[in-house]
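A structural walkthrough
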Amino acid sequence: MDTSSSSEFWYRFSERATSVTVDPDADVYRSEHTVELTSYPVAKHTPCGVRLSTGRLVLHNSQKKWACATIDEAKTSFIARKNRQIRILSRQLENAKNSKKMAEAGIYTKSESW
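Reading guide: rules and limits
- Residues numbered from 1 in each chain as written.
- Predicted model: local features only at pLDDT ≥ 70, side-chain atom pairs only at ≥ 80, totals over all residues.
- Heavy atoms only, no water.
- Helix = DSSP H or I, 4+ residues; strand = E, 2+ residues; numbered from the N terminus.
- Rg over C-alpha atoms; globule rule 2.2 N^0.38 Å.
- Buried < 20%, exposed > 50% of the residue type's maximum accessible area, 1.4 Å probe, protein only.
- pLDDT = per-residue confidence, 0-100.
- Contact = heavy atoms within 4.5 Å.
- Pairing = 2+ DSSP bridges.
- Salt bridge = Lys/Arg side-chain N within 4 Å of Asp/Glu carboxyl O.

**Notes on the overall build of the chain**
Counting its secondary structure elements, the chain contains one helix and four strands. Along its sequence from the N terminus, the chain presents helices and strands in the succession β-β-β-β-α. The globule rule puts the C-alpha radius of gyration for 114 residues at 13 Å, and the 22 Å found for the chain is more than 25% above it. Residues counted as buried form 16% of the 114 residues belonging to the chain.

Here it is in structure tokens:
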């Protein structure tokens, strides 16, 4: 199973944020977000997975594959990663709001300095 296939590709979606100058005189900027699909040539097949041309090994039985064999699988993987990111960031935002409310209300604990 040590064959190499230069015509086979695996895929990964990623996001890219870039800063755009709206008005340099007023120091106004905004961000533009794009979603990119990158294809990675398969360098070789191994018994455990595929080695991409970047040197990265993607295991067949991994739950969280870095790249996927089809574009649809890569899209599903990207959406799952973004859903997880949304859940994590939502919890962090809620914690920050609660901490702010507690500080404003004077609810805090005192701790000794080291």
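**Overview of the confidence of the model for the chain**
Of the residues in the chain, 95% reach a pLDDT of 70 or more, and the chain-wide mean stands at 91. Below pLDDT 50 for its whole length, residues 1-5 participates in eleven contacts with residues either more than four positions away or in separate chains.

**Observations regarding the pairing of strand β2 (residues 28-45)**
In this sheet, β2 lies alongside strand β1 (residues 9-23) in antiparallel orientation, the contact comprising 14 bridges. Its bridge partner being in β2, tryptophan 10 is matched across the sheet by tyrosine 40. From the end of β1 to the start of β2, which pair antiparallel, there are four residues, and aspartate 27 there has a positive phi angle of about 60 degrees. Relative to strand β3 (residues 49-52), β2 is paired through three bridges, and the arrangement is antiparallel. From the neighbouring strand, histidine 45 faces β3, where its bridge partner is valine 50. Between β2 and β3, which pair antiparallel one after the other, the connecting turn spans three residues.

**Quick word on the pattern of salt bridges**
Considering all chains together, one arrives at four salt bridges under this definition. Across the salt bridge formed by lysine 82 and glutamate 15, the nearest N and O atoms sit 2.6 Å from each other. Residue lysine 82 is located in helix α1 (residues 71-104), and its partner glutamate 15 is located in strand β1; the two are separated by 67 residues in the primary sequence. The partly exposed category is assigned to glutamate 15, whose relative accessible area is 42%. A salt bridge links lysine 100 to glutamate 104, with the nearest nitrogen and oxygen atoms 3.6 Å apart. Here the residue lysine 100 and the residue glutamate 104 both occupy positions in helix α1, the gap between them amounting to four residues, near one helical turn. When its relative accessible area of 52% is taken as the criterion, lysine 100 is described as exposed. For glutamate 104, a relative accessible area of 56% gives the class exposed.

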